[in-house]
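An overview of the molecular structure
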2 protein chains.
Amino acid sequence: MIIHKSQKSIANRFFSVVTFTNHLCYNLLRQAYWSPESKEKKMSSPLIVDIHTHVYPPAYMELLRSRKVVPYVHDPVSATPRLVILSSDDDPSIPLDERGRPVDSSYWNINVKLAFMRRHGINCSVISLANPWLDFLEPDEAQTWAERINDDLEQTCARVNQAADPDKTHSLHEKETLFAFGALPLSAPRADIVVNEIKRLKTLPHLRGVIMGTSGLGKGLDDPALDPVWGALQETETLLFLHPHYGLPDEAFGGPEVINRYGHVLPLALGFPLETTIAVARMLLSGVFDRFPRLKILLAHSGGTLPFLAGRIESCIHHERKFVANGGNVSGPQRSVWDVLQTNIYLDAVVYGTAGLKAAVTAAGGADRLMFGTDHPFFPPLDTNEDAEWPSVTTNYKAIHAAFDTEKEAVGAILGGNAGRILNLE
Amino acid sequence: MIIHKSQKSIANRFFSVVTFTNHLCYNLLRQAYWSPESKEKKMSSPLIVDIHTHVYPPAYMELLRSRKVVPYVHDPVSATPRLVILSSDDDPSIPLDERGRPVDSSYWNINVKLAFMRRHGINCSVISLANPWLDFLEPDEAQTWAERINDDLEQTCARVNQAADPDKTHSLHEKETLFAFGALPLSAPRADIVVNEIKRLKTLPHLRGVIMGTSGLGKGLDDPALDPVWGALQETETLLFLHPHYGLPDEAFGGPEVINRYGHVLPLALGFPLETTIAVARMLLSGVFDRFPRLKILLAHSGGTLPFLAGRIESCIHHERKFVANGGNVSGPQRSVWDVLQTNIYLDAVVYGTAGLKAAVTAAGGADRLMFGTDHPFFPPLDTNEDAEWPSVTTNYKAIHAAFDTEKEAVGAILGGNAGRILNLE
């Protein structure tokens, strides 16, 4: 392969960041990695928990394979299955075998996940369905599929954990374990079906919360019809992992031609984070956190942009005449965004830099509300060396170490201690 | 006026933040405020420069009054002029006297600006046109109006500065001064007209840069046709103040009904910052910073969300197959977003909280690229006490003090020292 000078330059640019050391911190981290070969090392290993890691479990792949309309999975002969997830992916001018995106074994083979965990020193993962979750299901099939998929997640976790520690003699940081966030039948015909599934998930030993996109029942998270769902999440003390899926309209970036020019960069780098921020802001503005003050929500990608924009959101609320505090005619939120951030919100540490991490910790009021994550199996290295570490993971490891170079307790808390406590892992 | 309990709660919630003390820091700041009454105090006062403060100078008001299509200014009989700035504001079902928004004297009377400065301890302001700038002008009138408006800004600054220091014996922090960012005739028929105005501005003694929105020549800031403009800005070492105006499509927030429900909160709090972030990301992706490595750009609102999202942008670039480093078929940026942030970008400190400020300082590589601003005359208190301090200003003062409670040099640098050096104020 011939590498042009410009290619080299870009590659060097990135890898100089990726391999940027803080060698000391990184080596300390590596030494502390969980290792199956060394009992001595096991005892001194920190707990490293990945709370942002996706799977398409067998039942979900079966569901997607049974469909012929978006979203669906198509199996080319002797090739990787392809997921057609967006209407724009389902382009009849493209051969069916080439439509959509490949979903290789890292998406659905749990052994590939476990190998990824070992390679990156992770000894516990809290797996969750990836988008599009169950948003697309017909009302009459939502409940059945949610139950099947959540049971499938439970069985996967149980099987892996049993194999890792048959006699149940090891502590959490000494073994390789899985827990899961369940999926909700949000398109079910009645909210009580969603509520029932939230309650049922509490009876599954390895379920530690639910994952959800930002559309809610189809109208966004400020929809009053969601109140029974918020009520059930609060009552059962179930953590909600809120994750973006729909991004922003192409027009936000300058239209389809601009999107086409830069590929996935703008929608993924900017559209996803703002989708999350908008969703939480709408919850705040509509008083969800006033009505359900004990909700617990984990925000993907360190809150999108919420930690950075919290002050601006609060200032704009205070200056909006519509809200009653200012003599307006519409009720505004009672609780401040800062209070919500420090009471109801948890953040993953998937932010790829110390700048974002410092904002996240400051907005959260401390390091005790942040939890390490990888976003696996998304953002793999584009080269084909399967044994290589993933820069999308090591960048976050290094940012955590760089941000807290004098506070080892904070590093341990973010890497695993917080997740153990908050998700009641054992 | 009867205040309901809920109103009180909201008011208390905000003011508990606004009046939150760090009393010590705030009082130290107040003691150091520039004061015309005390020569002794003057000598020890820090320089406080507001680099984000808007005016509609007389020539601009004349231009807007001469128009009958959006944007235009209408003068109701015996009432505040109204600016109809958006097509949606120009609703024929609304009486002309009530369309758009009032533009009171704080927008166009420089004495009101000076009074605001005194009230908030600011002794130097770098004034700039507010949106919609000159984006809307017919090609054949763009040059003439740009020259008239920029000459108007120059004359206003000269008059005020002459009055404040007729003998030119005071140093900058001892007097009340104005400088300005000029406007560009971006709709002119040829780029050389824009280039000529950039060069002409260097001959006006009080002009310290230019302000611009994100649409460029109409197609965004990654438009190759802008290269002569970037070239002229770089060659003349002219600072560009990049400011949002267009926000995001209503659909990004859930459609017009959602926008109507929450008033201006979502477009201002979230749409504006993302517009800025998208604009800079498009510049980066299209190689503007590779072709013009000495551009100097000041980003409004602490970069929108750029400091927080920089790592995610960089990660998404590295994982995008389109770019040549990864074997793709499209050229990607050579320089990293971190390098650009620490070389080409300056940030105002208009972010309303320590969380955002910490991200801004970390992304900028230090406190020496941040500059205090107020966004005056936007975000006034909604009560009618004209002598009150503005929470939208004091919140930022306090955030700067809270973020650097052990680093007084950083506080002084952000409040004025950086602006003095970067904008060559004297």
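Now for a look at the structure at hand. (Residues numbered from 1 in each chain as written. Chains lettered and ligands numbered in written order. Predicted model: local features only at pLDDT ≥ 70, side-chain atom pairs only at ≥ 80, totals over all residues. Heavy atoms only, no water.)

**Notes on the overall build of chain A**
- Across its full length, chain A holds 17 helices and 11 strands.
- Looking at chain A as a whole, 62% of its 426 residues are labelled buried.
- Partitioning the intrachain contacts of chain A with sequence separation of at least 6 by distance along the chain shows that 71% fall at a separation of at least 24.
- Just so you have it, chain A exposes about 16400 Å², and 53% of that area is on carbon and sulfur atoms. (Helix = DSSP H or I, 4+ residues; strand = E, 2+ residues; numbered from the N terminus. Buried < 20%, exposed > 50% of the residue type's maximum accessible area, 1.4 Å probe, protein only. Contact = heavy atoms within 4.5 Å. Areas by Shrake-Rupley, 256 points an atom, 1.4 Å probe, with all protein chains shown as cover.)

**Regarding the relation of the copies chain B and chain A**
- For the pair chain B and chain A, the relating rotation is 180°, the translation along its axis is 0.0 Å, and the fit reaches an RMSD of 0.0 Å. Such values leave the two copies arranged in the relation of a two-fold axis. Looking at the rotation axis and the C-alpha trace of chain B, the residue lying nearest is B:Ala359, at 2.6 Å.
- Here 100% of the interface residues in chain B have copies in chain A that are interface residues too; the copies meet face to matching face. (Least-squares fit on C-alpha atoms with pLDDT ≥ 70 in both.)

**Description of the interface of chain B and chain A**
- Between chain B and chain A, the contact holds 82 residues from the first and 82 residues from the second.
- Regarding the contact of chain B and chain A, the summed buried area is about 7300 Å², with carbon and sulfur atoms giving 68% of it.
- Taken together, the connections running from chain B to chain A amount to two salt bridges.
- One salt bridge in this structure joins B:Arg261 and A:Asp222, with 2.9 Å as the shortest N-O distance.
- At the boundary of chain B with chain A, the tally comes to 14 residue pairs in polar contact (both at pLDDT 80 or more).
- Put simply, the parts of the chain that give the side of chain B that touches chain A at least two residues each are helix 1 (5-18), helix 10 (256-262), helix 11 (265-285), helix 13 (306-318), helix 14 (337-343), helix 15 (354-364) and helix 16 (391-403) of chain B.
- A total of 13 residues in the side of chain B that touches chain A trace back to one element, the largest contributor, which is helix 11 of chain B.
- The residue makeup of the side of chain B that touches chain A, split by class, is 44 nonpolar, 26 polar and 12 charged. (Buried area = accessible area lost by both parts, 1.4 Å probe. Salt bridge = Lys/Arg side-chain N within 4 Å of Asp/Glu carboxyl O. Polar contact = N/O pair within 3.5 Å; in protein donor to acceptor, adjacent residues only side chain to side chain. Nonpolar A, V, L, I, M, F, W, Y, C, P; charged D, E, K, R; others polar.)

**Quick look at the sheet that holds strand 3 (residues 82-84) of chain B**
Residues and elements named next belong to chain B.
- Strand order in the open sheet formed by three strands is 2-3-4, with antiparallel pairing between adjacent strands. Two strands bound the open sheet, and with one partner strand each, they are strand 2 (72-74) and strand 4 (101-102).
- For strand 3 and strand 4, the ladder comprises two bridges, and the chain directions are antiparallel. Directly across from Leu-83, in strand 4, lies its bridge partner Arg-101. (Pairing = 2+ DSSP bridges.)

**Comments concerning the side chain of A:His319**
- Mapped onto the secondary structure, A:His319 falls in the loop between helix 13 (306-318) and helix 14 (337-343).
- For A:His319, the side chain forms a polar contact with the main-chain oxygen of B:Phe379, separated by 3.3 Å.

**Let's talk about the pairing of strand 6 (residues 177-183) of chain B**
Residue and element names in this part refer to chain B.
- The buried fraction of strand 6 is high, at seven of seven residues.
- Relative to strand 6, strand 5 (residues 124-129) runs parallel, the two being bridged by five bridges. Within strand 6, the residue paired with Ser-125 across the bridge is Leu-178.
- Handedness of the crossover is the feature at issue here: the chain leaves strand 5, passes through helix 7 (residues 139-164), returns alongside strand 6, and the resulting connection is right-handed.
- Across three bridges, strand 6 lies against strand 7 (residues 207-212) in parallel orientation. (Right-handed = clockwise from strand over helix to strand, strands pointing away.)

**Some words on the pattern of salt bridges**
- According to the stated counting rule, one finds 28 salt bridges over all chains in the structure shown.
- Note that A:Asp339 is salt-bridged to A:Arg335, the shortest N-O span being 2.9 Å.
- Using a relative accessible area of 14% as the deciding quantity, one classes A:Arg335 as buried.
- In the salt-bridge network here, residues are joined through shared partners; they are A:Asp222, A:Arg282, B:Glu257 and B:Arg261.

**Points about the sheet that holds strand 6 (residues 177-183) of chain A**
All names here are of chain A.
- The sheet built from eight strands is open, its strands ordered 1-5-6-7-8-9-10-11 with parallel pairing. Lying at the two open borders of the sheet, with one neighbouring strand each, are strand 1 (49-55) and strand 11 (370-371).
- The strands touched by helix 6 (residues 110-119) within the sheet are strand 1, strand 5 (124-129) and strand 6, with strand 1 carrying the most contacts at an inclination of about 150°. (Axes fitted to C-alpha atoms, helices over the stretch in contact; angles between N-to-C directions.)

**Topic: unusual backbone geometry**
- Residue A:Asn131 is joined to A:Pro132 through a cis peptide bond whose omega torsion reads 10°.
- Inspection of the secondary structure assignment puts A:Pro132 in the loop between strand 5 and helix 7 (139-164).
- Each neighbour pair has its own omega, and for B:His376 with B:Pro377 the value is 5°, a cis peptide bond.
- Structurally, B:Pro377 is set in the loop between strand 11 (370-371) and helix 16.
- Of note in the backbone geometry, B:Ser78 takes a positive phi value of approximately 55° without being a glycine.
- Position of B:Ser78 among the secondary structure elements: in the loop between strand 2 and strand 3.
- Look at B:Ser78 and you get exposed, because its relative accessible area is 78%.

**With respect to the packing of helix 7 of chain B against helix 8 (residues 191-201) of chain B**
All names here are of chain B.
- Interhelical geometry of helix 7 versus helix 8 gives an angle of 15° and a closest axis separation of 11 Å. With respect to helix 8, the element helix 7 is oriented roughly parallel. Seen along the crossing, helix 7 lies across helix 8 with a hand that is right-handed. Taken together, the residues of helix 8 that come into contact with helix 7 (itself represented by Gln-143, Ala-146, Glu-147, Asn-150 and Asp-151) are Ile-193, Glu-197, Arg-200 and Leu-201. (Parallel < 35°, antiparallel > 145°, perpendicular 65-115°, else oblique. Left-handed = near helix turned anticlockwise from the far one by under 90°.)

**A look at the packing of aromatic side chains**
Residues and elements named next belong to chain A.
- Per the stated rule, a full pass over the model turns up 12 aromatic pairs over all chains.
- On the basis of an interplanar angle of 35° and a centroid distance of 5.3 Å, the ring pair of Tyr-56 and Tyr-60 is categorised as tilted.
- Look at Tyr-56 and you get buried, because its relative accessible area is 2%.
- Judged by centre distance (5.5 Å) and plane angle (55°), the rings of Phe-181 and Phe-241 are tilted. Of the two residues, Phe-181 sits in strand 6 while Phe-241 sits in strand 8 (residues 240-242), which places them 60 residues apart along the sequence.
- You can call Phe-181 buried: its relative accessible area is 0%.
- Accessibility expressed as a relative area gives 0% for Phe-241, which makes it buried.
- Members of the aromatic cluster, connected to one another through ring pairs, are Tyr-56, Tyr-60, Tyr-107 and Phe-378. (Phe/Tyr/Trp six-rings, centres within 6.5 Å; stacked < 30°, edge-to-face > 60°.)

**With respect to the nonpolar core**
- Counting 278 residues, the largest nonpolar core has A:Trp230, A:Leu270, A:Phe404, B:Trp230, B:Leu270 and B:Phe404 as the members making the most contacts within it.
- Those residues within four positions of A:Leu270 in sequence are excluded, and the remaining contacts are A:Phe253, A:Val265, B:Leu274, B:Thr277, B:Ile278, B:Ala281, B:Leu309 and B:Ile313. (Core = buried A, V, L, I, M, F, W, Y, C linked by side-chain atoms within 4.5 Å.)

**Section: the pairing of strand 5 of chain B**
- Across the six residues that make up strand 5 of chain B, a large majority, six, are buried.
- Along strand 5 of chain B, one buried face is formed by B:Cys124, B:Val126 and B:Ser128 and the opposite face, lined by B:Ser125, B:Ile127 and B:Leu129, is buried too.

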